[in-house]
There are 2 protein chains.
Amino acid sequence: MLSPTGGIPRPATRVLVIDDEPQIVRALVINLKARHYEVDAAHDGATALQLAAARHPDVVVLDLGLPDMDGVEVIRGLRGWTRVPILVLSARHSSDEKVEALDAGADDYVTKPFGMDELLARLRAAVRRAEPVPGGEEDVIVDTADFTVDLAAKKVHRDGKDVRLTPTEWHLLEVLVRNTGRLVGQKQLLQEVWGPSYGTETNYLRVYMAQLRRKLEADPAHPRHFITEPGMGYRFEK
Amino acid sequence: MLSPTGGIPRPATRVLVIDDEPQIVRALVINLKARHYEVDAAHDGATALQLAAARHPDVVVLDLGLPDMDGVEVIRGLRGWTRVPILVLSARHSSDEKVEALDAGADDYVTKPFGMDELLARLRAAVRRAEPVPGGEEDVIVDTADFTVDLAAKKVHRDGKDVRLTPTEWHLLEVLVRNTGRLVGQKQLLQEVWGPSYGTETNYLRVYMAQLRRKLEADPAHPRHFITEPGMGYRFEK
DNA sequence: CGCGGGCGTCAGAGTTCCGTCAAGAGGTCC
DNA sequence: GGACCTCTTGACGGAACTCTGACGCCCGCG
């Protein structure tokens, strides 16, 4: 990873670009980075699905013509678990193609060649409407008997004090809290926190889970909130 | 999905069509009504804003060329109080126009002449993503008289408490529950839980089935939910 | 009435998995 | 360069889980 620890306060929009044509990827990456988006790129569908799971992009730009799988399959693969906006690029102008992609779950369909300004505007629109309603959403703060997690401010409060967490500790906590009550498999946990290639290093989990419990549990030896499900994963309970 | 809303019986999707060209309005209205949308139509911006406030449409189709006011002003007027999806129609292909409309709050931009199929697909996409998350937490929950299984959270609840299951127990339960009411053969059960090379070790089944019944049945000796079909397999009943 | 197959139950052995500690590697800030 | 801080890695005791064999029960059948 390039900046595993550095990304601190600004929640930059993360874009996943999926295209097998290097020039297009390059043009997109340059333009997006210039506008302070965080960009990941994949040149085939399999990599794309992996990256999406690992990085949780805020928006996906997908070229339908991929070497390894049908673009529509990529859409379905994503839609199986996420509602992230998908902006489709395609050289095909056929109406059927558009309808198929849109009905599979795409949010927008742009035909090549496209104007960069227009694409960026469509991207802004897609991101904008995916944003949570500015006024509502109490979900950013999760309260337990022992501590409070503020997902927006990235802060944990306990006994009237802020608890200091390292980036990895926070990342792990975040994944667990966003799935409050649900079991999160160790593989999923590892891949979301450490990256797609870390699926088996369960010792990381043990170390950092212990760290979290030491900092947040009233009695770290008998955790009430960070619960181990042996052989499966961990679960955060309020 | 045949119905515009995605199959669930719900009040019809309401569309507000704003265009000053009678033929286009007519074509849209006919096509939309044929697909069981409710349709309102306005021929100018002022009427459109009034109608939108009165009728609360689920999606707006807006032609930018209106007699009384600039189309972008209509977008702003709507965005002042609602996040309803806005699909813009326009004869102008200019990139600047598109960018302006999209940044003013439009969700999509289609240039005339447009294909009706494509427009309808884009409309479906706009409506779809505005829908609330299906099922709230989309947790698949199976309820019985004695306990509750949450397949997404991997949780079993009984008598106000969470029941702790081992990985094998959970896996077995999952296969049975996903086939509620159906007989699952022992070979199938073994292969799904233990792997393709296990087809005959029926003693595993006996042990873990007993485990499940002890943890979940009110009277493990006389199971109501985990039913043995001698010589064949097991069946889960609510 | 004896026999055998299929099933449920139990408890122990063996293995895997987890929590904990500690030490080293790498990076950052003064 | 030195003093942190953080992430990685290895080792170990103990806990949890899986597997296995033994036993008893029920039932159909010879």
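Note that the structure is predicted; figures quoted are calculated from it, not measured.

S.K.: Got a sec to walk through the overall build of chain A? Specific residues and values, please.
M.R.: Scanning chain A for helices and strands turns up eight helices and 12 strands. Taking as baseline every contact in chain A between residues at least 6 positions apart, the subset at least 24 positions apart corresponds to 56%. When the accessible surface of chain A is summed, it comes to about 11900 Å², and 51% of that surface belongs to carbon and sulfur atoms.

S.K.: So what about the sheet that holds strand β9 (residues 161-163) of chain B? Which residues, and what values?
M.R.: Residues and elements named next belong to chain B. Judged by pairing direction, the sheet is antiparallel, and its four strands sit side by side in the order β6-β7-β8-β9 without closing on themselves. At either end of the open sheet lies a strand with only one pairing partner, and these are β6 (141-143) and β9. Neighbour-to-neighbour, the strand axes of the sheet open up by a mean angle of 25°, direction not taken into account. Where β6 meets strand β7 (residues 148-150), three bridges bridge the pair, whose relative direction is antiparallel. Bridge pairing in β7 places V142 opposite V149. Contacts between helix α6 (residues 167-178) and the sheet are confined to β6, β7 and β8 (155-158), with β7 contributing the most and set at about 100° to the helix. Strands in contact with helix α8 (residues 202-216) are β8 and β9; relative to β8, the strand with the most contacts, it is inclined by about 45°.

S.K.: Which residues make up the protein's contact with DNA strand C, and what values do they have?
M.R.: Around DNA strand C, the structure places 16 residues, and the nearest of them are R213 and T228 of chain A together with R213, T228 and G231 of chain B. Per the 4 Å cut-off to the protein, sugar and phosphate atoms form 60% of the nearby atoms of DNA strand C. Between Y234 of chain A and DNA strand C, the recorded distance is 2.8 Å, taken from a side-chain N or O atom to a phosphate oxygen. Within the side chain of T228 of chain B, a nitrogen or oxygen atom sits 2.6 Å from a phosphate oxygen of DNA strand C. For the surface near DNA strand C, the secondary-structure elements that each account for two or more residues are α8 (202-216) of chain A together with α8 of chain B. A class-by-class count of the residues in the surface near DNA strand C yields seven nonpolar, five polar and four charged.

S.K.: Any details on the protein's contact with DNA strand D? Residues and values, ideally.
M.R.: Near DNA strand D lie 17 residues; those nearest to it are T166, T168 and Y204 of chain A together with T168 and Y204 of chain B. Close to the protein, within 4 Å, the atoms of DNA strand D belong to sugar or phosphate groups at a rate of 86%. Contacts to DNA strand D include Y204 of chain B, whose side-chain N or O atom sits 2.4 Å from a phosphate oxygen. At the level of secondary structure, the elements contributing two or more residues to the surface near DNA strand D comprise α6 (167-178) and α8 of chain A together with α6 and α8 of chain B. Top element by residues in the surface near DNA strand D is α8 of chain A. It accounts for four residues.

S.K.: Could you give me a rundown of helix α5 (residues 116-130) of chain A, with the residues and numbers involved?
M.R.: All names here are of chain A. Over its 15 residues, α5 runs 21 Å from end to end, which matches the ideal 21 Å to within 8%, given 1.5 Å per residue. The element α5 is extensively covered by neighbouring structure, given that 11 of its 15 residues are classed as buried. M116, E118, L119, L120, A121, R122, L123, A125, A126, V127 and R129 are the residues of α5 that are buried.

S.K.: Could you give me a rundown of the environment of F147 of chain B, with the residues and numbers involved?
M.R.: All names here are of chain B. Tracing the chain through its elements places F147 in the loop between β6 and β7. The spacing of F147 and R158 is 11 residues in sequence and 4.6 Å in space, taken between C-alpha atoms. What F147 contacts, discounting residues up to four positions off in sequence, is V142, V156, H157, R158, L216, H225, F226 and F236.

S.K.: Hey, could you go over the packing of aromatic side chains for me, with residue numbers and the actual values?
M.R.: Taken as a whole, this structure holds 12 aromatic pairs over all chains when the rule is applied. When the centroid spacing of 6.0 Å and the interplanar angle of 5° are considered together, the rings of F147 of chain A and F226 of chain A count as stacked. Taken together, the positions of F147 of chain A in the loop between β6 (141-143) and β7 (148-150) and F226 of chain A in strand β11 (residues 226-229) put the pair 79 residues apart, joining distant regions of the chain. One exposure class covers both F147 of chain A and F226 of chain A, and it is buried. Taking 6.0 Å as the distance between ring centres and 45° as the angle between the ring planes, the aromatic pair formed by Y198 of chain B and Y204 of chain B counts as tilted. Y198 of chain B sits in the partly exposed class, given a relative accessible area of 27%. Assessed through its relative accessible area of 28%, Y204 of chain B is described here as partly exposed.

S.K.: Go over the nonpolar core, please, and point to the residues and values.
M.R.: Residues and elements named next belong to chain B. Formed by 27 residues in total, the largest nonpolar core has its most connected members in L173, L176 and L189. Looking at this core, the elements with two or more residues in it are α6, α7 (186-194), α8 and β12 (233-236). Top contributing element to this core by residue count: α6, with six residues. Not counting the four nearest positions on each side in its chain, L176 is found in contact with V184, L189, M209, F226, Y234 and F236.

S.K.: I'd like to hear about the confidence of the model for chain A, residue by residue, with values.
M.R.: Averaged over every residue, the pLDDT of chain A is 89; residues scoring 70 or more account for 92%. Scored below 50 in pLDDT, residues 1-10 of chain A makes four contacts in the model with residues more than four places away or belonging to other chains.

S.K.: Can you explain the interface of chain A and chain B? Please cite residues and give values.
M.R.: The partner chain B presents 35 residues to the 34 residues of chain A that form the contact. On the chain A side of the contact with chain B, R83, R129 and R182 of chain A bury the most area, a combined 20% of that side's loss. Our count for the chain A to chain B interface comes out at 20 residue pairs in polar contact (both at pLDDT 80 or more). Listed by contribution, the elements that provide at least two residues to the side of chain A that touches chain B are α4 (95-104), β5 (108-111), α5 and β11 of chain A. The element best represented in the side of chain A that touches chain B is α5 of chain A, accounting for eight residues. When the residues that make up the side of chain A that touches chain B are grouped by side-chain class, the tally is 13 nonpolar, five polar and 16 charged.

S.K.: Summarise the side chain of K98 of chain A; cite the residues concerned and give the values.
M.R.: Among the secondary structure elements, K98 of chain A is positioned in helix α4. A relative accessible area of 11% places K98 of chain A in the buried class. Only 3.0 Å separates the side chain of K98 of chain A from the side chain of E118 of chain B, close enough to count as a polar contact. If we skip the residues at most four places from it in the chain, K98 of chain A touches H93, Y109 and T111 of chain A together with E118 of chain B.

Criteria and cut-off values
Residues numbered from 1 in each chain as written. Chains lettered and ligands numbered in written order. Predicted model: local features only at pLDDT ≥ 70, side-chain atom pairs only at ≥ 80, totals over all residues. Heavy atoms only, no water. Helix = DSSP H or I, 4+ residues; strand = E, 2+ residues; numbered from the N terminus. Contact = heavy atoms within 4.5 Å. Areas by Shrake-Rupley, 256 points an atom, 1.4 Å probe, with all protein chains shown as cover. Pairing = 2+ DSSP bridges. Axes fitted to C-alpha atoms, helices over the stretch in contact; angles between N-to-C directions. Near = heavy atom within 4 Å. Polar contact = N/O pair within 3.5 Å; in protein donor to acceptor, adjacent residues only side chain to side chain. Nonpolar A, V, L, I, M, F, W, Y, C, P; charged D, E, K, R; others polar. Expected span 1.5 Å × (residues − 1). Buried < 20%, exposed > 50% of the residue type's maximum accessible area, 1.4 Å probe, protein only. Phe/Tyr/Trp six-rings, centres within 6.5 Å; stacked < 30°, edge-to-face > 60°. Core = buried A, V, L, I, M, F, W, Y, C linked by side-chain atoms within 4.5 Å. pLDDT = per-residue confidence, 0-100. Buried area = accessible area lost by both parts, 1.4 Å probe.

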